[in-house]
Each structure stands twice: as C-alpha cells, then as structure tokens.
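Notes for the structure review
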Amino acid sequence: MERQILACIERRGQDIPGSLLLRLARLPRHQMTRGAVGLLNNILDHLFEYGVSGRSDTSDTDDAQSESTRDFVKAADLAASRISTMEFDGAPFLAGIISFIALNVELLRRRFEPPDLTAQQESDEFCRKLLKRPEIRDAIYAIYAPPRRAGGGESAAESEWARLDPATFRYYKAGTTSAILAAGYRDSDQRASDQWVLKCVLFPWNKMSAVAKATESYAATYGSARRVPSVVQPVASTSRWVLMPRQDGDTLRERINKLWEHRDVPPGQAVAEAKRVAGALVVALRLLADSAEEPDDQAARPPEHGRFRQHLDLSPSNVILAPDGPAKLIDLGRNHLYSRQVGIAEHDDSVYVAPEVKNRGAAGTSDVYSLGVILTEILSGSPPRDGRVPDSIYEMSPALGRALDDLLEEDPHRRLLLAPRSDGTVYDRVSLLLEAAFAQVEAEPVVDPSRAWRTYARFAASSRELPSQFRKWREVRKRGGDEAYLLFFSLVATLAWWGVFARVAVPQVPDFIKDFPKLPAMPEAAKLIAFAQAMVAAKYYQTILARLTTRHLDGWLARAAEVSMRLMTVVALPTTVIAVSWQPRLWAWSCAAGAVLVACNNLLILLTARKLFAAGRAAGFSTVPPPDHQFPRGFEQWWWTMLLYGLVIGVIAAGLQGGWMKDESAYVFGLLLINIGIHYIAKCAMAGPSVRGGLARSILAGERLAASGAPDLRPSQGVPSVLRLIPGRRTAVEQKQAGAAP
C-alpha cells in the first residue's frame, strides 16, 4: 500500500495505470489509513530516495535535498488535486491522505531549513489552503484516531476524539514538531472551530519512543487534575496528539515579529516590550515552579531551591500573551528532537533551549537561560545564536547587557551570579535583577520616544541637565550602592562642564555695552581651547566612563583604573584655571597635560579590560567574547594616539614660548578641528557607546568571576591578581563556609 500511494505522488496523479487504480478503489478506508501511516513513518527515507532518483548528481547536498523536498510537496499536492476529481469510491479519501502527506512533508521541510519569516508565511498560506479541502480533514481524523483500549471501555482520549468534528478542522499554525489545528465539537452549541486547539505531532517524530511517551502523558501531567494557572490545561492526549482549549491573544513569536517587522524599532519601544514580557514570564514561571512539590520527568532539583517544575522548552512559540497581559505557557516538557540531535538543533527554536537540556540534563536555571534568549531577541531583533548578548544591547545599556549575560551563561551553576540574594525562589532573584536593569535604562535618554531628543543626547556634551542629575542623585543616595556612587561623579562632570562653559563661552554684559552695536571680539586662544577641551572631556566621561566602575575588584591596576576614571570628571579644569584665569600664554602646555592624562586613563582601562577578559576566558565563561571581538575597532590605539597628540601639542607649546613658531591662530584652528571633529564627534559621540559596551563586558567578567567564589587565583596560574576580591566582600564559597562554621 505504501508503494501504491507513493506511485500516485511520483506520477503527480497523471497516467496512473488502470490496475493500480482498481486496487486502490477496492481498498477499505482502514487499509488506506494503515498504508498512509506506514509511508509516513518512513517518510524521511522516501524523501531521500525521491531526491536521489530525481537528480543526475547524487551528492547529498543540503540545497539539493531541500529542492527535492519542495518538489515532492508540489507533486503530492498535484496528485491529490487530480485524484479528488476521479470517479471511484475511494478517490476523495485517497486524495485526503496524499494532501496530508504534502502537509506533513511541508512542515518537516521548515524544520530542516534556516528560519525565514517570508518563507514561513508562504508555507503557512499553503497549509491553510490544504486544510480547506474536506478530504484532508477526514484523512487527519482517520490517521490520528486513538487506538481502542484493550479490554473494552472508552478512554478519555477516545471520548474526546469522538466529540471532535473533522469538518471544523482549520490550519492554525506550525509547531516545532507538529501541525496545530483549530477544531470544534460535534455538539451544536460548540461547533465553532475556534473552541479547541489540536496539536498533531508530525510523522515520523511521533513514532520516537521519547516523543510518543511525553505526548501521551501530557494531559495527565499538566491537565486539570494538576491545575497550574499559567499553563494552558490539556483536555486529552495520546502518543500522537494533544487537545487543549484555544486561548485568546497572540503568541510571543507573533508579537516579536510585529515589533521587528520593519527593523527600525525605537530603543524605548523595545525596552518597554521586553520589560512587559519579562514581568509576565517571570510570574508564569514562578507559578509553574510553585505548582509541584514532587519532581516529575520535567522537574529539576537545584541544591538551594528544592524541587520544582520547569518548562524546559520555553520559546516565543510556546508563550501566549492574552490581551490583558497574563502569559500562558504551552507545549511544556523537554523537546527530544533538540536533545537527540536529529538535524534541526541549529535552527529555529533550539536556540532558546538551555545547553544542559540539549545534553539530556536539566538545572534549576534552565528556563532562566531561555528567558534571557527571549529578552535578547526582543531588544535586538534576533536571538543570540553565539550565546552572547549582542553589542547593540551593550551600546544601548550596559546594565541590561550585564543582566542578560548573567542569564545566558552556558554553565547552569554560573547563572545569576550577580543577581541579588533572596529567600524566595530563583525567579524572585531574576525579578530583582531585571527590575534593577530596566530601572537604569529607563533613566537614560536612549529610551526617549523622541528621535530628535535621542539625537541631541548623543551629540550633546551632557545628555542630562544639572538639576535633573541632582534630583536623581538625591533619590538614590540614601540607598547607596554603585548607582549613587556613579551618579555623584556624573554630577561632578556635568558641574565641571557648565562651570567651564560659564567662564569661557558666555559673553559678558559689559562687552555688549562697550562695543554696542558691534559684536564682542573673537575670544582669545586660551578660551577657545578651554571650551573645546571641556566639551570633549564632558562627552568622554558621560558617554564612556559614567556607568563603569572597577571598585569591586582588588589589585593596584583596578584601583588605578578606578581613580583615573573618576579624575576624568575634572580633567578639563586645569586648562580653564591655569590658561584662562591665570596665565593665558600657558594654554598649549595645559592642553598637552590634559591630553597626556587622558592617554594614561585610556591605557589603564585597556590593560584592566584585557586582564579581565583573559581571566574570564581562563575561567571558562561562555559569555566572554573572543579576542578579536572584545573592543570596537581602533580603541586599542586610543591611548598611544592621544599620547602622540599630547606630545605634538607640547612641541607647539615649546615653539610658541620660544618664538620659533609664530602662527598661533593656525595652531588653535587645527587643534579645534581635531578636538571637535575627531575626539568629540568620531570617538566619543559615534564610537563611544561601542567602547563603553566592550569595557562593560570586561568588568562584568571580573565581577562574575569574583561572585563565583573562585579560589585565590595567582598570576602563575595564568589569571591576573587583579581579580582578588576586595577585603570584607564574601564570595559564595566563603558565605557557605561561614554558614557551616560552628
């Protein structure tokens, strides 16, 4: 029977021998169904043979196999259409079986190809048209009918299946391993096809023992007897299908696709959506975790949080967001296709699955990893296929990048190292970590809805006015911590900028009175240079250094880098004090000194960052980027180019003072061009966010290594001593030892 159906497909419903048609016409429906199931169970082998027989080149390339699979689907579709018009009793049912084979193969093909939104939409439309044929609905009803219970009696699955009306079947969407249909009951008051969702596991995957077992037990595990508020409750299930009520709302996958449909998403909109989704998912996962006191095959037991249930296949396709906000979880449990490496692990939803789950294990933070991938996709438009937060998120907000990298660590025992300690569940810690990160990014101008304001903030010397910074600092200073500490120095930097501006850039009232109606004369060289240097210094600090600190890392290099970064808040003041208020002829010398100080700071933070990255790699952190992707191109040359710039200014200063260089205005003009064009615009405004992101990654590596409770790492072990913890700060190991001490 398998070969007969396959022959009809290969001939595309044309020129079918009369003897074959006669045999098919005499077959009862149950034999056709059995033959279809046998063919579908071996469909991958048939597809391979079909592809080889249709090509002169027998090399099994991915492109050639994909093209032959597409051709098989077209052949089956044509065959079904032509057979449905033939005049023998079994023609409609045979056409329905072949139509379902086309549907099954089409959805299989999607799993083996890289995700492409346009191609998936075209595939959905094809499947939708197939399900409009009455004959395919009857075929699905026959193929997926549950077997009769041995010993008599009717099982719950048989009872529910008998109530379903195949005339109501409609294509709903494609699942990871299934065709998902909308369905209705035969009852007249519930005939609408939007009452239920029928998840039909595709062939040949439903014959895999692990998949079949998990599907069959799904209703017992997550059904009404073990009600979980955040889980869509299944009504019945067999080894091939699951029936559950249809939920109002979009899947998270649909929500993300709509958000990034045009690719130009304002950062504030992406952050707001990520915050809403994070809150909804944390609540849903917490309810799921609290729903089981005893472990089942989807549970894990982290040492500090006892036994609780997890999703283990959390992805945007398995989350439904209701219009009023709550998140509902579907398709819970391990996806055995990803854990058994059958050829689709690098595509589609496998990127959301934690590495330990793919390796047939689980940990208490497996769903935390999936949550991190989902939030990263919402913020950047694509999931992190290399397992690291993309640069665009670090450029937008180091705080968000820091939090997400703490979720995305491959080693489950090293996740949430920076999350606040809590007596609650792991999701309480996740909530605290993400709330703090979102609170920080929401205070930044990058999330402002106005593009004009975001552009101004990127190019302005100080993105926030002095009064607003002062109010923010007063709000957080009582809580202490890094935020208050860093805001204080941001306030100092802003105060220094506006102080210099008031001293050198604001025209004096007497100048207007004396020269009226003429404009005041051109400012002298000292004032021009002081203004330019102060503007660059303010932008340099606020864009790159204002959110970075190494004060939680010990060692002379980390301390020196921290002191140096904070001194950059007032690096422009000496030029103003010395050259403007005291000796204008010393403007070049003071400018050269400022450039040398900035060069030293760049060198210190570069050395610190390199050591921290090296330590993170040595410790095996998966989120540490490779050496050639640690810093934006050119940052490693900043220190010596700035030093060279300072030396050139020193030569100019000596020449002007010695009288062998005369054209002071030309030198001032050239320095202004370099300061404004290169240092301010090119380096700080344009490359600054990328540089800040790279430095934030390095500091994160140091903080996470410190929090992991690693033993004292000496230079002889290949890890820099800069990573020793500061005195008085306990690691996780020290806290555990202290708790065990008598």
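Worth saying up front: this structure is predicted, and the values here are computed from it rather than measured. (Residues numbered from 1 in each chain as written. Predicted model: local features only at pLDDT ≥ 70, side-chain atom pairs only at ≥ 80, totals over all residues. Heavy atoms only, no water.)

**Side note on the overall build of the protein**
A count of helices and strands for the protein gives 30 helices and 10 strands. Going through the 742 residues of the protein one by one, you find that 54% of them count as buried. Residue pairs at least 24 apart in sequence account for 68% of intrachain contacts in the protein once pairs closer than 6 positions are excluded. Accessible surface, the protein: about 33400 Å² in total, of which carbon and sulfur atoms supply 55%. (Helix = DSSP H or I, 4+ residues; strand = E, 2+ residues; numbered from the N terminus. Buried < 20%, exposed > 50% of the residue type's maximum accessible area, 1.4 Å probe, protein only. Contact = heavy atoms within 4.5 Å. Areas by Shrake-Rupley, 256 points an atom, 1.4 Å probe, with all protein chains shown as cover.)

**Some points on the packing of helix H12 (residues 252-259) against helix H13 (residues 267-289)**
In contact at an axis separation of 12 Å, H12 and H13 are set at 170 degrees when each is read in the N-to-C sense. Considered as vectors, H12 and H13 are oriented roughly antiparallel to each other. Taken together, the residues of H13 that come into contact with H12 (itself represented by Leu252, Arg255 and Leu259) are Gln269, Glu273, Val277 and Leu281. Of the residues assigned to the contact of H12 with H13, the class counts are 4 nonpolar, 1 polar and 2 charged. (Axes fitted to C-alpha atoms, helices over the stretch in contact; angles between N-to-C directions. Parallel < 35°, antiparallel > 145°, perpendicular 65-115°, else oblique. Nonpolar A, V, L, I, M, F, W, Y, C, P; charged D, E, K, R; others polar.)

**Some points on the packing of H13 against helix H16 (residues 366-380)**
Packing of H13 against H16 leaves a shortest axis separation of 9 Å and a crossing angle of 160 degrees. Taken together, the axes of H13 and H16 are roughly antiparallel relative to one another. Crossing angle aside, the handedness with which H13 passes H16 is right-handed. Mapping the contact onto sequence places Ala270, Val271, Glu273, Ala274, Val277, Ala278, Leu281, Val282 and Leu285 in H13 and Asp367, Leu371, Ile374, Leu375, Ile378 and Leu379 in H16. Residue composition of the contact of H13 with H16, grouped by class: 13 nonpolar, no polar and 2 charged. (Left-handed = near helix turned anticlockwise from the far one by under 90°.)

**Description of the confidence of the model for the protein**
Within the protein, residue pLDDT values average 83, and 85% of them lie at 70 or more. When mean pLDDT is taken per element in the protein, H16 scores highest with 96 and strand E7 (residues 299-300) scores lowest with 40. In this model, residues 711-742 is a region of pLDDT below 50 whose contacts with residues beyond four sequence positions or in other chains number 47 contacts. (pLDDT = per-residue confidence, 0-100.)

**What to know about the sheet that holds strand E10 (residues 327-329)**
Taken in spatial order, the 3 strands make up an open sheet running E6-E9-E10, and their pairing is antiparallel. The open sheet is flanked by strand E6 (250-251) and E10, the only strands paired with a single partner. Pairing of strand E9 (residues 319-321) with E10 involves 3 bridges; the strand directions are antiparallel. From the neighbouring strand, Val319 faces E10, where its bridge partner is Leu329. Contacting E9 and E10, H13 crosses the sheet at an angle of about 45 degrees to E10. (Pairing = 2+ DSSP bridges.)

**Some details on the pattern of salt bridges**
Where charged atoms from two side chains of opposite charge come close, those side chains can pair. In total, this model carries 25 salt bridges according to the counting rule given. The partner of Arg128 in a salt bridge is Glu125, with the nearest N and O atoms 3.0 Å apart. Taken together, the positions of Arg128 and Glu125, both in helix H7 (residues 117-130) and 3 residues apart, correspond to about one turn of that helix. Judged by relative accessible area, which is 32%, Arg128 ranks as partly exposed. Put simply, Arg402 and Glu703 hold a salt bridge, and the shortest N to O gap is 3.1 Å. One end of the pair, Arg402, is in helix H18 (residues 398-407); the other, Glu703, is in helix H29 (residues 664-707), and 301 residues separate them in sequence. Looking at Arg402, the relative accessible area reads 31%, which means it is partly exposed. According to the relative accessible area criterion, Glu703 is buried, its value standing at 8%. Among the ionic contacts, a cluster of salt bridges with common partners joins Arg255, Glu273 and Arg276. (Salt bridge = Lys/Arg side-chain N within 4 Å of Asp/Glu carboxyl O.)

**Comments concerning the sheet that holds strand E5 (residues 241-245)**
The strand order E1-E2-E3-E5-E4 describes an open sheet built from 5 strands, whose pairing is antiparallel. Strand pairing shows two members of the sheet lacking a second neighbour, strand E1 (164-174) and strand E4 (236-237), which therefore form its edges. Note that E1 and strand E2 (residues 178-185) share 6 bridges and pair antiparallel. When the sheet's bridge partners are listed, Lys173 is paired in E2 with Ile180.

**A few points about unusual backbone geometry**
The step from Phe203 to Pro204 runs through a cis peptide bond, and the omega angle for that step is 5 degrees. Here Pro204 lies in the loop between strand E3 (196-201) and helix H10 (209-216). Of note in the backbone geometry, Leu312 takes a positive phi value of approximately 70 degrees without being a glycine. Along the chain, Leu312 turns up in the loop between strand E8 (308-309) and E9. Residue Leu312 is classed as buried on the basis of its relative accessible area, which comes to 3%.

**Details of the side chain of Thr549**
Along the chain, Thr549 turns up in the loop between helix H24 (525-545) and helix H25 (556-567). The exposure class assigned to Thr549 is buried, which follows from its relative accessible area of 7%. For Thr549, the side chain forms a polar contact with the main-chain nitrogen of Arg551, separated by 3.2 Å. A distance of 3.0 Å separates the side chain of Thr549 from the side chain of Glu562, its partner in a polar contact. Not counting residues up to four positions away in its chain, the partners in contact with Thr549 are Asp482, Tyr485, Leu486, Glu562, Met565, Arg566 and Ile699. (Polar contact = N/O pair within 3.5 Å; in protein donor to acceptor, adjacent residues only side chain to side chain.)

**Things to note about H24**
Across its 21 residues, H24 extends 29 Å between first and last C-alpha, which sits within 8% of the 30 Å expected from 1.5 Å per residue. Of all 21 residues in H24, 18 are buried; the element is thus mostly enclosed. (Expected span 1.5 Å × (residues − 1).)

**Re the packing of aromatic side chains**
Summed over all chains, the structure comprises 19 aromatic pairs. Residues Phe100 and Tyr144 carry aromatic rings whose centres are separated by 5.7 Å and whose planes lie at 90 degrees to one another, so their mutual orientation is edge-to-face. In this pair, Phe100 sits in helix H6 (residues 91-111) while Tyr144 sits in the loop between helix H8 (134-143) and helix H9 (156-163), placing the two residues 44 residues apart along the sequence. Tyr144 shares its class with Phe100; the two are buried. Pairing Tyr485 with Phe489 gives two aromatic rings, centres 5.3 Å apart and planes at 70 degrees, and the pair type is edge-to-face. With Tyr485 and Phe489 both in helix H22 (residues 481-504), this residue pair falls 4 residues apart, about one helical turn. Here Tyr485 falls in the partly exposed class, since its relative accessible area comes to 22%. Cation over ring: Arg163 sits above Tyr185, and NZ or CZ is 4.0 Å from the ring centre. Geometry around Tyr485 places Arg551 over its ring, the cationic atom sitting 4.1 Å from the centre. (Phe/Tyr/Trp six-rings, centres within 6.5 Å; stacked < 30°, edge-to-face > 60°. Lys NZ or Arg CZ within 6 Å of the ring centre and 35° of its normal.)

**Quick look at the environment of Val105**
Here Val105 shows up in helix H6. The residues touching Val105, leaving out its near neighbours within four places in the chain, are Ile43, Leu47, Thr69, Phe72 and Val73.

**Focus on a nonpolar patch on the surface**
Where nonpolar side chains cluster on the molecular surface, the patch consists of Trp640, Leu644, Leu647 and Val648 and spans about 380 Å² of accessible area. Among the secondary structure elements, Leu647 is positioned in helix H28 (residues 638-658). (Patch = residues over 30% accessible without salt bridge, like charges linked within 9 Å, V, L, I, M, F, W, Y side chains within 5 Å.)

**Structural notes on the pairing of E2**
Walk down a regular strand and you will see the side chains alternate between the two sheet faces. The buried count for E2 comes to 8 of 8 residues, which makes it a mostly enclosed element. Here E2 shows no split at all, with Ser178, Ile180, Ala182 and Gly184 on one side and Ala179, Leu181, Ala183 and Tyr185 on the other all buried. Count of turn residues in the E1/E2 antiparallel hairpin: 3 residues. Note that E2 and E3 share 6 bridges and pair antiparallel. The residue bridging Ile180 from the neighbouring strand is Lys199, located in E3.

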